[in-house]
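Analysis of the macromolecular model
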Number of protein chains: 2
Amino acid sequence: MNSLKKHFLLDPKVIFLNHGSFGATPQPVFREYQRWQRELEKQPVEFLGRRFTRLMADSRAALGKYLGTHADNLVYTQNVTISLNIVARSLELGPGDEVLSTDHEYGAIDRTWRFLSKERGFRYINQRISTPIKTEESLVEDFWRGVTSRTRVIAISQITSPTAIIFPIKEIIHRARESGILTIIDGAHVPGQIPLHLDSLGADFYGGNLHKWLCAPKGAGFLHARPEVQHLLKPLVVSWGYESETPSGSTFIDEQEWWGTRDIAAFLSVPAAIEFQEKHNWDKVRDECHELARDAQRGLCELTGLSPLHPQADGWFGQMITAPLPVETDIVALKTRLYDEYCIEVPLIEWFPSPIRAERSDQREHSRSVGEGTGRRAEPVEAVGVGNKLIRVSVQGYNTRRDIDKLCHALSLLLN
Amino acid sequence: MNSLKKHFLLDPKVIFLNHGSFGATPQPVFREYQRWQRELEKQPVEFLGRRFTRLMADSRAALGKYLGTHADNLVYTQNVTISLNIVARSLELGPGDEVLSTDHEYGAIDRTWRFLSKERGFRYINQRISTPIKTEESLVEDFWRGVTSRTRVIAISQITSPTAIIFPIKEIIHRARESGILTIIDGAHVPGQIPLHLDSLGADFYGGNLHKWLCAPKGAGFLHARPEVQHLLKPLVVSWGYESETPSGSTFIDEQEWWGTRDIAAFLSVPAAIEFQEKHNWDKVRDECHELARDAQRGLCELTGLSPLHPQADGWFGQMITAPLPVETDIVALKTRLYDEYCIEVPLIEWFPSPIRAERSDQREHSRSVGEGTGRRAEPVEAVGVGNKLIRVSVQGYNTRRDIDKLCHALSLLLN
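Residues numbered from 1 in each chain as written. Chains lettered and ligands numbered in written order. Predicted model: local features only at pLDDT ≥ 70, side-chain atom pairs only at ≥ 80, totals over all residues. Heavy atoms only, no water.

**Describing the overall build of chain A**
Assigned secondary structure in chain A consists of 15 helices and 13 strands. At 21 Å, chain A has a C-alpha radius of gyration in line with the 22 Å of a compact globule built from 416 residues. With the principal axes as the frame, chain A shows a C-alpha extent of 65 × 55 × 35 Å. Relative to its full complement of 416 residues, chain A shows a buried share of 69%. Pairs at least 24 apart in sequence give 72% of the contacts found in chain A among residues at least 6 apart. (Helix = DSSP H or I, 4+ residues; strand = E, 2+ residues; numbered from the N terminus. Rg over C-alpha atoms; globule rule 2.2 N^0.38 Å. Buried < 20%, exposed > 50% of the residue type's maximum accessible area, 1.4 Å probe, protein only. Contact = heavy atoms within 4.5 Å.)

**Re the nonpolar core**
Of all hydrophobic cores here, the largest spans 217 residues; its most connected members are Val393 of chain A together with Val393 of chain B. Excluding residues within four positions of it along the chain, Val393 of chain B makes contact with Leu17, Ala296, Leu300, Gln319, Met320, Ile321, Val346, Ile404 and Leu407 of chain B. In this structure, Phe122 and Val229 of chain A together with Ile86 and Leu91 of chain B belong to the second largest nonpolar core, which totals 66 residues. (Core = buried A, V, L, I, M, F, W, Y, C linked by side-chain atoms within 4.5 Å.)

**So, the environment of Leu100 of chain A**
Residue and element names in this part refer to chain A. In this fold, Leu100 is placed in strand β3 (residues 98–102). Given the relative accessible area of 0%, Leu100 is considered buried. When sequence neighbours within four positions are dropped, the list of residues in contact with Leu100 reads Ile125, Gln127, Phe143, Gly146, Val147, Thr151, Val153, Ile154 and Ala155.

**Regarding a negative patch on the surface**
Residues and elements named next belong to chain A. A cluster of like negative charges, contributed by Glu136, Glu137, Glu171 and Glu178, occupies part of the molecular surface. Among the secondary structure elements, those contributing two or more residues to the negative patch are α6 (136–144) and α7 (169–178). Tracing the backbone shows Glu178 in helix α7. (Patch = residues over 30% accessible without salt bridge, like charges linked within 9 Å, V, L, I, M, F, W, Y side chains within 5 Å. Areas by Shrake-Rupley, 256 points an atom, 1.4 Å probe, with all protein chains shown as cover. Salt bridge = Lys/Arg side-chain N within 4 Å of Asp/Glu carboxyl O. Lys, Arg positive; Asp, Glu negative; His and termini not counted. Charge placed at Lys NZ, Arg CZ, Asp CG, Glu CD.)

**Re the interface of chain B and chain A**
Contact residues are listed per partner, giving 81 residues for chain B and 81 residues for chain A. Interface area for chain B against chain A, summed over the two sides, is near 7,400 Å², with a carbon-plus-sulfur share of 54%. Of the charged contacts in the structure, one is a salt bridge between Lys118 of chain B and Glu243 of chain A, with a shortest N-O distance of 2.4 Å. Counting across the interface, chain B meets chain A through 49 residue pairs in polar contact (both at pLDDT 80 or more). Secondary structure elements with two or more residues in the side of chain B that touches chain A: α1 (19–22), α2 (27–42), α3 (44–67), α4 (80–90), α5 (107–120), α13 (331–342), β12 (367–370) and α14 (374–377) of chain B. (Buried area = accessible area lost by both parts, 1.4 Å probe. Polar contact = N/O pair within 3.5 Å; in protein donor to acceptor, adjacent residues only side chain to side chain.)

**Re the sheet that holds strand β12 (residues 367–370) of chain A**
All names here are of chain A. Strand order in the open sheet made by the four strands is β9-β13-β11-β12, with antiparallel pairing throughout. Every other strand in the sheet has two partners, leaving β9 (320–324) and β12 as the edge strands with one partner each. Each strand of the sheet is rotated relative to its neighbour by a mean of 30 degrees, with strand direction disregarded. Two elements, strand β11 (residues 348–351) and β12, share four bridges in a ladder whose sense is antiparallel. The residue bridging Leu348 from the neighbouring strand is Val370, located in β12. Against the sheet, helix α13 (residues 331–342) touches β11, β12 and β13 (388–394), its axis set at about 165 degrees to β11. (Pairing = 2+ DSSP bridges. Axes fitted to C-alpha atoms, helices over the stretch in contact; angles between N-to-C directions.)

**Points about the packing of aromatic side chains**
Per the counting criterion, the structure on display carries 27 aromatic pairs over all chains. Centre to centre, the rings of Phe30 of chain A and Tyr33 of chain A are 6.0 Å apart; their planes meet at 55 degrees, and the pair counts as tilted. Placement of the pair is Phe30 of chain A and Tyr33 of chain A together in helix α2 (residues 27–42), with a separation of three residues, close to one helical turn. The pair formed by Phe30 of chain A and Tyr33 of chain A is uniform in burial state, with each residue classed as buried. For the ring pair Tyr206 of chain B and Phe222 of chain B, a centre distance of 6.2 Å and an interplane angle of 5 degrees mean the geometry is stacked. (Phe/Tyr/Trp six-rings, centres within 6.5 Å; stacked < 30°, edge-to-face > 60°.)

**Side note on the relation of the copies chain B and chain A**
Once turned by 180 degrees and shifted 0.0 Å along the axis, chain B lies on chain A with an RMSD of 0.0 Å. What we have between these two chains is a two-fold relation. Measuring from the rotation axis to each C-alpha of chain B, the shortest distance belongs to Gln34 of chain B, at 3.5 Å. Of the interface residues in chain B, 100% have counterparts in chain A that sit at the interface too, so the contact is made through matching surfaces. (Least-squares fit on C-alpha atoms with pLDDT ≥ 70 in both.)

**Examining the sheet that holds strand β7 (residues 205–209) of chain B**
Residues and elements named next belong to chain B. Across the sheet, which stays open at both edges, the seven strands sit in the order β2-β8-β7-β6-β5-β3-β4 with mixed pairing between neighbours. Since the sheet does not close on itself, it has two edges, and those belong to β2 (74–77) and β4 (123–127), each with one partner. Geometrically, the sheet is characterised by an average inter-axis angle of 20 degrees between neighbouring strands, direction not taken into account. As paired strands, strand β3 (residues 98–102) and β4 are joined by five bridges and run parallel to one another. Bridge pairing in β4 links Ser101 to Asn126.

**Some remarks on the environment of Ser83 of chain B**
Residue and element names in this part refer to chain B. With respect to the helices and strands, the residue Ser83 is situated in helix α4. A sequence separation of 123 residues divides Ser83 from Tyr206, and the C-alpha atoms of the two residues are 8.2 Å apart. For Ser83, the residues in contact, after removing those within four places along its chain, are Thr77, Gly207, Phe222 and Leu223.

**Here's the deal with helix α11 (residues 270–279) of chain A**
Residue and element names in this part refer to chain A. With respect to burial, α11 is a largely interior element, seven of its 10 residues being buried. Buried within α11 we find Val270, Pro271, Ala272, Ala273, Ile274, Phe276 and Gln277. Elements in contact with the buried residues of α11: α2, α3 (44–67), β2 (74–77), α10 (265–268) and α12 (282–304).

**Considerations on the packing of helix α12 (residues 282–304) of chain B against helix α15 (residues 401–414) of chain B**
All names here are of chain B. Running from amino to carboxyl end, α12 crosses α15 at an angle of 15 degrees, the nearest separation of the two axes being 10 Å. With respect to their mutual orientation, α12 and α15 come out roughly parallel. The interaxial crossing formed by α12 with α15 has right-handed handedness. Where α12 abuts α15, its residues Leu292, Asp295, Ala296, Gly299, Leu300 and Leu303 lie against Arg401, Ile404, Leu407, Cys408, Leu411 and Ser412. When the residues that make up the contact of α12 with α15 are grouped by side-chain class, the tally is eight nonpolar, two polar and two charged. (Parallel < 35°, antiparallel > 145°, perpendicular 65-115°, else oblique. Left-handed = near helix turned anticlockwise from the far one by under 90°. Nonpolar A, V, L, I, M, F, W, Y, C, P; charged D, E, K, R; others polar.)

**Overview of unusual backbone geometry**
Residue Pro132 of chain A is bonded to the preceding Thr131 of chain A through a cis peptide linkage, with omega at -5 degrees. Assignment of secondary structure puts Pro132 of chain A in the loop between β4 (123–127) and α6. For Cys343 of chain A, which is not glycine, the phi torsion reads 55 degrees and is therefore positive. Among the secondary structure elements, Cys343 of chain A is positioned in the loop between α13 and β10 (344–345). You will see that Glu243 of chain B, though not glycine, has its phi angle at about 45 degrees, which is positive. By the element assignment, Glu243 of chain B lies in the loop between β8 (221–225) and α9 (251–257).

**Details of helix α6 (residues 136–144) of chain B**
Taken as a whole, α6 of chain B has its buried residues at Leu139, Val140, Asp142, Phe143 and Trp144 of chain B. On its buried side, α6 of chain B packs onto β3, β4, β5 (151–157) and α7 (169–178) of chain B.

**Structural notes on the pairing of β8 of chain B**
Walk down a regular strand and you will see the side chains alternate between the two sheet faces. Residues and elements named next belong to chain B. Buried residues dominate β8, accounting for five of its five residues. Burial of the side chains of β8 extends over both faces: Gly221, Leu223 and Ala225 are buried on one face and Phe222 and His224 on the other. Both β2 and β8 contribute to a ladder of four bridges, which runs antiparallel. Bridge pairing links Thr77 to Gly221 in β8.

Limitation: the analysis is restricted to geometry and does not speak to function.
This is how it looks when you write it as structure tokens:
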């Protein structure tokens, strides 16, 4: 696994255990990225005008093949936050309607629903998913208790951000379809980390990032919409594709993909990212990372004497795990010492489950993380109940067992 | 002026007379762009997490100084289409309200208003600005005839896209303020082409592109909002900045600038673009380009025997002009021959003024251009009245008199 490190542009001085937040791009993919940018500059009108449609279609075709769906069901977006904003803002929800989510969701998406809930008067519910999770069945039952006759939308992560758990969304999507409820999946951490076949999964809407675990350049994500629900979407940024003079046959693509002049090199480099992982036998890399992630979780839990939030079976995590930290941990101070004294980049998270007795927890904060966005999210927040302190460890191809050992060693000193 | 050509990455084989559509970036600015991208890749969490706020603030400060406003009144966006979508979608307009625009507006912005007009039930009016324009006063009077007691918003370009005319917006903004009407200015072609001092201009909202005439990398634009109206805005992409855990003191910036993970290198390279123009004595470059644009318009009008759409005084145009083509011109065929036979990149536009007797021309197309977005906008559109065929010539620092001579020569052969 060591040999992969040389392909990445990461500062070798840093023990980088936070692939999850923004990803990292290998040099061949990054070179392709900057090559497209120079290509554009040679003849901007030819590139963004006459070649755009074909270039994007070719890139979408490669992505569709990789994700198990037709290219026409996909549009490139810069990230999942944007993908899910498109969906959430398109749906006609209002008073009397309910959107059911969980208390393990990502802060930006949580905010999107909170904003829209205030604007439009529907209820947004963060259903409690009790931890430690026992079984897939118990998780689904926990979640499904939040469904009522007013539930119009289920919005849920496939791999959760603050807790790094793989949710059994296939069963939830199946039950939702039977009940006539739309499903919107946050797959920010999925592509490249665990297998994803969009057509088999059957979600109505699915947003994914490609700059995270697929290692594409920053600002490469997608929105997938089943053909049957594409008509529900409206443009978020209205541009030439709305009431297009030259309709492509897909209103979905026409309305969502052209956002005016911008650099599209990240989208065009996605095929190179897919090829890089194929060329480097990424199934094996993933397996090795998964083993290392498991060992990291075990090591950290041994250190603290605390239990993980999910069963220790393979299906609950991929290349990213969390482990609980003692409740008295000062995560701001710990984060600073880990970086300043040990050069370890790893996120520490305070995660607030929904209160047991009040599952309708509109307007509450569900997680904050320290050190990845100090400018935006390091201050204390008003929280109900006690926050769970977690450390989230990402293992990517450039990591080694030595990185995990160093983390465990540092924590063994700093937590005492 | 010749000496500047070497700084640009444009294909030397192409006579590039369409700076207006997407701009072009000089090498020093482009190098800075790609340097920021490599810098990000060294430590993505430090860059996008801990350094983001400071980096963006520094870049905004340089832009604010350049544009004559405080940095807190600005947010970076990828382009004007996005800037004005933020504004248009935030305002609470409904049945009984009117948005007054002109028949010289840009297709994407025109579509934004048409879309919202349908969604929300307000009227969107493309007021006819008669051509040839006689005086500033007559233009303002033409426009103001569209104002009624229901006019809530005036949305107008400072430099028009299909017709390349500088509109006297200062007077319009002044009258609008007196009448309690909000002003939203499309300044896509302004920064870097003509002087812009946002605080003196006094528009409520102003969107500008920096990748066009300032020559910043693709995907650099801004939205300016007067402090007094910033509270009217809502986030277009809701993310961590909405109900921020770490408010910066500016809800405007918190809500509008962080859109999730994306490449922010274009924003960070704007100071380099400002410096490049300063270093290369751009006031002089602009003057020379302006002279050349004037000569191009004269030459083309002599060739066709047709008159420009505006008086031939300096204040009506900058580095970009249009000249009418004979009404029988097949602009698709002409565009193809200009590129294939003469390697000249120049847009030919069919522009449809609003009908004289029906100024409330909701739902109509106002321009289409050939060859800059064939994939999206080359097919005929349903149009009322006869389209004006125009050629739009942009003159940037890398252009020479020889480029204009070649264009005139080619047209003298192709139009006969």
